[in-house]
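# Observations on the three-dimensional arrangement
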Amino acid sequence: MSRLDSGSESAASAPECSGPMSVLLESREVPLGGVRNMHVRRTLPQRDLPMVGAWCFLDRFGPQPTRMRVEPHPHIGLQTVTWPLLGEIHHRDTIGSDVVVTRGALNLMTSGHGIAHSEYSLGEEEVALAALQLWVALPESARHMPPTFEQHTALPRFSAPGLEALVVMGSFAGVTSPATVHTPIIGVELQIAAGATVRLPLNPHWEHGILGVEGDIEVEASAPERVPVDAEAMLYLGIERDYVDVYSAEGARAFLLGGEPFAEEIIMWWNFVARTHEEIVEAREDWENDTARFGHVPGHGAERIPAPPMPGVRLKTRGRRLK
Ligand code: MN
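### Remarks on a negative patch on the surface
On the surface, Glu26, Asp216, Asp230 and Glu250 cluster together into a negatively charged patch. Within the secondary structure layout, Glu250 lies in the loop between strand S23 (243-247) and strand S24 (252-259). Assessed through its relative accessible area of 70%, Glu250 is described here as exposed.

### Section: the pattern of salt bridges
Using the criterion set out here, one finds 17 salt bridges in the structure. A salt bridge links Glu220 to Arg226; its shortest N-O distance comes to 3.8 Å. Overall, the relative accessible area of 25% leaves Glu220 in the partly exposed class. The class for Arg226 is partly exposed, based on a relative accessible area of 36%.

### Digging into the sheet that holds S24
Spatial ordering of the open sheet is given by S1-S22-S19-S24-S17-S14-S13, a layout of seven strands whose pairing is antiparallel. On the outer flanks of this sheet lie strand S1 (20-26) and strand S13 (157-160), each paired with one strand and no other. Taking each pair of neighbouring strands and ignoring which way they run, the sheet shows an average axis angle of 20 degrees. Bridge count for S1 against strand S22 (residues 233-238) is five bridges, and the pairing is antiparallel. Within the sheet, the bridge partner assigned to Leu24 lies in S22 and is Leu235.

### Some words on helix H1 (residues 277-288)
With 12 residues, H1 ought to run about 16 Å at 1.5 Å a step, and its terminal C-alpha atoms sit 17 Å apart, in line with that. In the core, the buried residues of H1 are packed alongside strand S5 (69-75), strand S10 (115-120), strand S25 (267-269) and strand S26 (272-274). Positive phi shows up at Asp290, right after H1, with a value of about 60 degrees.

Cut-offs used in this document
Residues numbered from 1 in each chain as written. Predicted model: local features only at pLDDT ≥ 70, side-chain atom pairs only at ≥ 80, totals over all residues. Heavy atoms only, no water. Patch = residues over 30% accessible without salt bridge, like charges linked within 9 Å, V, L, I, M, F, W, Y side chains within 5 Å. Areas by Shrake-Rupley, 256 points an atom, 1.4 Å probe, with all protein chains shown as cover. Salt bridge = Lys/Arg side-chain N within 4 Å of Asp/Glu carboxyl O. Lys, Arg positive; Asp, Glu negative; His and termini not counted. Charge placed at Lys NZ, Arg CZ, Asp CG, Glu CD. Helix = DSSP H or I, 4+ residues; strand = E, 2+ residues; numbered from the N terminus. Buried < 20%, exposed > 50% of the residue type's maximum accessible area, 1.4 Å probe, protein only. Pairing = 2+ DSSP bridges. Axes fitted to C-alpha atoms, helices over the stretch in contact; angles between N-to-C directions. Expected span 1.5 Å × (residues − 1). Contact = heavy atoms within 4.5 Å.

See below:
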């Protein structure tokens, strides 16, 4: 995924996070570069909450008929987690990956120092498509590494009465995803049966959020109060919880994300996660000048998404307001 907007909400996390909370965060509709009529809703970053653990970006698009053409564009300092809900996405990148990701499979691209990729729907016609795309900020120890790409088509499951969970990233209820992670983190897709209340185990040292994906859920974040979370919102839960109870009347799909509060301050601009204004400027110039840092996506000609202009002011980190 690429951003059309330059991402003026340069984001940073502050590790302070005072305890359990229950804050409903609405997504907002945003334009997506190179794609006409594509309905994209962004849940992270939020003005008051730039990150949840290392998760620093969360977009959801569709379901809708789409001819997706996200042309080659660069990333640094992050992992992209592409999670199709419906349909297939053709991914190509500068390290030679050329794969189709489909429902139930994870595409995980670790940009490290720099990578570029494209994302297309299959064929020339509009096809039904829906997906989540999340970004994970890389810590200092991993953000300078060479880029890598993984696809996982058989993610482990956790089952309990009323719950089928697919462990996309990290560990949940003792079940661990094979996907490479660089900070303590989880991402789990939850399928909740009609009429079921399920208790999700949480790491009390981590912060968490629950994203509504399909159908309606109610989250019992502070008993006995239940907060409805629809498919356009995420409930932020804070830290210091051993579990949370989730109820669905009609049956629902949701996504649990969480992790250790990210200890480093980041700057996020366009498709880049860095630590300083200068690093962003350098990455932007490397992309605009077509240097070897990003390389060329095989199968593409000259098409690419140009970087937006830098703002007239220095990019700054910005801490969270939710504390
Ligand atoms: Mn992208």
